[in-house]
Amino acid sequence: MAAIYSLYIINKSGGLIFYKDYGSAGRMDTNDSLRLASLWHSMHAISQQLSPVSGCSGIELLQADTFDLHCFQSLTGTKFFVVCEPGTLHMESLLKHIYELYTDYVLKNPFYEMEMPIRCELFDINLAQAVQKDRVALLGR
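Residue numbers run consecutively from 1 along every chain, following the written order of its sequence. Predicted model: local features are reported for residues with pLDDT of at least 70 only, side-chain atom pairs are reported and counted for 80 or more only, and whole-chain, interface and lining totals are derived from all residues. The side-chain figures draw on all heavy atoms in the structure; neither hydrogens nor water molecules are used.

Is there a simple way to explain the overall build of the protein in this structure?
Looking only at helices and strands, one finds three helices and five strands in the protein. Secondary structure is summarised from DSSP: a helix means a run of H or I of at least four residues, a strand means a run of E of at least two, and numbering begins at the N terminus for each. Starting at the N terminus and walking to the C terminus, you meet the elements of the protein as β-β-α-β-β-β-α-α. A compact globule built from 141 residues should have a C-alpha radius of gyration of about 14 Å, and the protein, at 15 Å, falls within 12% of that. Taken over the C-alpha atoms alone, the protein extends approximately 40 × 40 × 30 Å along its principal axes. Throughout, exposure labels follow a simple rule: accessible area from a 1.4 Å probe, protein chains only, divided by the maximum for the residue type, with under 20% read as buried, over 50% as exposed, and the rest as partly exposed. Residues counted as buried form 40% of the 141 residues belonging to the protein. Note on contacts: a residue pair qualifies if any of its non-hydrogen atoms lie within 4.5 Å across the two residues. Pairs at least 24 residues apart make up 47% of the contacts formed inside the protein by residues separated by at least 6 positions. When the accessible surface of the protein is split by element, carbon and sulfur atoms take 56% of a total near 8400 Å². The quantity called the radius of gyration is restricted to C-alpha atoms. Its globule counterpart is 2.2 Å times the number of residues to the power 0.38. Using a 1.4 Å probe, the Shrake-Rupley method yields the accessible areas, and only the shown protein chains count as cover for residues.

In structure tokens:
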């Protein structure tokens, strides 16, 4: 079974701009993935406001019995979150690497329009390599 179930990228307005399923048992249709992204954006924003700690950046990890959800928010407000097996380690570094791929292959693409869905072949190829490399590293531990 894959350590990583799925990856989502949400723009600063809460719109889903990228979704990739990595073989989770219950595949979601497009509407479900849009709802989940919107729900996560809202929960993240509410957690920032309700936190008793000043300067809180929102939820970074949500742990459940059957999955973990790790989130990384860039300075521009774009959120990257991955749903993975419970107890999967080093997801923060993977999310930061995915952010680097996003900046290198999506934001530097002259044909990409900000806040729009990501359609970039180089990003897809390098993302697949990064996730595969992470899976191999997890299996080796």
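Back to the write-up after that little detour.
Please explain the nonpolar core as it appears in this structure.
In this structure, Tyr102, Ile118, Phe123 and Leu127 are the most contacted members of the largest nonpolar core, which totals 24 residues. At the level of secondary structure, the elements contributing two or more residues to this core comprise β1 (4–10), β2 (16–21), β5 (79–84), α2 (91–107) and α3 (121–139). It is α2 that contributes the most residues to this core, seven residues altogether. Those residues within four positions of Leu127 in sequence are excluded, and the remaining contacts are Leu7, Phe18, Tyr22, Ile98 and Leu101. To form a nonpolar core, buried Ala, Val, Leu, Ile, Met, Phe, Trp, Tyr and Cys residues must be joined to one another through side-chain atoms within 4.5 Å. Judged by nonpolar contacts, the second largest core, of ten residues, contains Leu16, Ala37, Leu69 and Cys71.

Before we go on, may I ask you to explain a nonpolar patch on the surface in this structure?
Like charges within 9 Å and nonpolar side chains (Val, Leu, Ile, Met, Phe, Trp, Tyr) within 5 Å are joined into patches, using only residues over 30% in relative accessible area that form no salt bridge. Each salt bridge in this description consists of a side-chain nitrogen of Lys or Arg and a carboxyl oxygen of Asp or Glu lying within 4 Å of one another. A cluster of nonpolar side chains, Leu39, Met43 and Leu62, forms an exposed patch at the surface whose accessible area comes to about 230 Å². Inspection of the secondary structure puts Leu62 in strand β3 (residues 61–63). According to the relative accessible area criterion, Leu62 is partly exposed, its value standing at 31%.

Which parts of the structure should I look at to understand the pairing of β5?
A regular strand places its side chains on the two faces of the sheet in alternate fashion. In terms of burial, β5 is a largely internal element, six of the six residues being buried. Because side chains alternate across β5, one face comprises the buried residues Lys79, Phe81 and Val83, and the other comprises Phe80, Val82 and Cys84, equally buried. Pairing between β1 and β5: six bridges, direction antiparallel. Looking across to β5, one finds that Leu7 is bridged to Val82. Two strands make a pair as long as DSSP finds a minimum of two bridges between them. Relative to β5, strand β4 (residues 68–73) runs antiparallel, the two sharing six bridges. Within β5, the residue paired with Cys71 across the bridge is Phe81.

When you look at the side chain of Asn126 in this model, what are you seeing that I'm missing?
With respect to the element layout, Asn126 can be found in helix α3. Taking relative accessible area as the criterion, Asn126 reaches 17% and is therefore assigned buried. If near-sequence neighbours (up to four positions away) are discounted, Asn126 is found in contact with Leu101 and Tyr105.

Sorry, what's going on with helix α1 (residues 30–50) here?
Note on helix geometry: an α-helix contains 3.6 residues per turn, so any two residues three or four positions apart are oriented the same way. Its 21 residues place the ends of α1 30 Å apart at the C-alpha level, agreeing with the 30 Å of an ideal helix rising 1.5 Å per residue. By the burial criterion, the buried members of α1 are Ser33, Ala37, Trp40, His41, His44 and Ser47. Viewed along the axis of α1, the buried residues span an arc of 135°, placing them on a single side of the element. Along α1, exposed side chains directed more than 90 degrees from the buried face belong to Arg35, Gln49 and Leu50. In this analysis, the expected span of each helix is defined as 1.5 Å times one less than the number of residues it contains. This arc is taken over the directions from the axis of the helix to the C-beta atoms.

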